Amino acid sequence: MIRALLVLGLWLGVAPAYAGDREADILVVRLDDGADPASKGCFGRVRAAIAGAYAKPVSVTREAFLKAAGAEAADDFLSWPVEKIWSGAPKARGEVQGWDAIVVVDCRPGTGRLHAVVATSNYPPGGSPNLVRLVVPGASAAAQKWLIAQVIEAAWLDFSP
Amino acid sequence: MARWWWGLVLLAGVAHAAPPAAKAPMAVLAVAEAPLLRSEQRGLDRLGKQLGALKRPVTVGVAEGARADQLRAWLDATDPAARAKLPVAEALGTDGLVLAIRYAPAPDKLAKRPLGFVVLQATAPHEVFWAQGMGPVSTAMAHFIKILKELP
């Protein structure tokens, strides 16, 4: 039994490695104002889903993001151009060479507000950076799951290791 | 005797039960500046088939004229409050539900991903889904259909 578990552990642990293979480095921003008690859980589900999609999510606070982006309010973030979204990102540190994507989420299930913006890095160089804006009115679990699935797909657009 | 009586009441109830309300038809429309590529048309047709799960009539086509103009306005406006004030009658046409997908002009004949999509319903608030920069993805389709199933 122990031998079987050891073999299973080795088999699971030795995943094939490929040159250039790496997880996506994704900056995540929780942009709600904290008034809706359900927001924390909703954002947590988005972050957990990103972490489970072969990516390393790193969070930045709402205040730091808005300050860096030169914005006083976040209400109109769906209309921000991609450059403004990127300007809110802190400089990558440590092992992170640069952000592959920025995911900004304003999730307030209590008021039926589920908004997200996903900006991906510019690949191939010289191309136009991609920006995805998502809106689904509603507070249902299905609406949150839909938003999460679209966000993850958007965060991997144009990814290059 | 009492058992017979209750049986008759039950049968009468079943016989007079109202049939389920018919669902309004749904249109899946491409909003495009150029003729669709074959790959885009196939994607649109596949989406139409997947939406057959909604148990409502689904048609697939290309938006034209005033309908296309109104759908473009919905797809272009990034402010939800501004979109809520946009007219919707032409966009909906005679359908109760409309899914409009915007395709990029592709003069180089390379397939590109959709530029965005919107789902509008006849009753206010009209907007059910709205997205710019991508189309509806297959990994989210089950949730997409679940939400649409709950609409009249």
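Here goes a summary of the coordinates provided.

1. Remarks on the environment of Ser-121 of chain A
Residues and elements named next belong to chain A.
Now for step 1: Relative to the elements of secondary structure, Ser-121 occurs in the loop between strand S4 (113-120) and strand S5 (130-135).
Now for step 2: Counting along the chain gives 39 residues from Ser-121 to Ser-160, while the straight-line C-alpha distance between them is 9.2 Å.
Now for step 3: In this structure Ser-121 touches Trp-86, Trp-99, Asp-100 and Asp-158, once residues within four positions along its chain are discounted.

2. Some remarks on the sheet that holds strand S5 (residues 127-132) of chain B
Now for step 1: In spatial order, the strands read S2(A)-S1(A)-S3(A)-S4(A)-S5(A)-S5(B)-S4(B)-S3(B)-S1(B)-S2(B); together these ten strands make up an open sheet with mixed pairing. The two strands at the open ends of the sheet, each matched to only one other strand, are strand S2 (55-60) of chain A together with strand S2 (58-62) of chain B. Within the sheet, the average angular offset between the axes of one strand and its neighbour, ignoring direction, is 15 degrees.
Now for step 2: In this sheet, S2 of chain A lies alongside strand S1 (residues 24-30) of chain A in parallel orientation, the contact comprising six bridges. Of the residues in S2 of chain A, the one forming a bridge with Ile-26 of chain A is Pro-57 of chain A.

3. A few points about the side chain of Glu-127 of chain B
Now for step 1: Following the sequence through the fold, Glu-127 of chain B ends up in strand S5.
Now for step 2: Judged by relative accessible area, which is 12%, Glu-127 of chain B ranks as buried.
Now for step 3: Of the polar contacts made by the side chain of Glu-127 of chain B, one reaches the side chain of Arg-83 of chain B; its length is 2.5 Å.
Now for step 4: Apart from the residues lying within four places of it in its own chain, the contact partners of Glu-127 of chain B are Val-135 and Pro-137 of chain A together with Trp-74, Arg-83, Val-119 and Leu-120 of chain B.

Rules of the game
Residues numbered from 1 in each chain as written. Chains lettered and ligands numbered in written order. Predicted model: local features only at pLDDT ≥ 70, side-chain atom pairs only at ≥ 80, totals over all residues. Heavy atoms only, no water. Helix = DSSP H or I, 4+ residues; strand = E, 2+ residues; numbered from the N terminus. Contact = heavy atoms within 4.5 Å. Pairing = 2+ DSSP bridges. Axes fitted to C-alpha atoms, helices over the stretch in contact; angles between N-to-C directions. Buried < 20%, exposed > 50% of the residue type's maximum accessible area, 1.4 Å probe, protein only. Polar contact = N/O pair within 3.5 Å; in protein donor to acceptor, adjacent residues only side chain to side chain.

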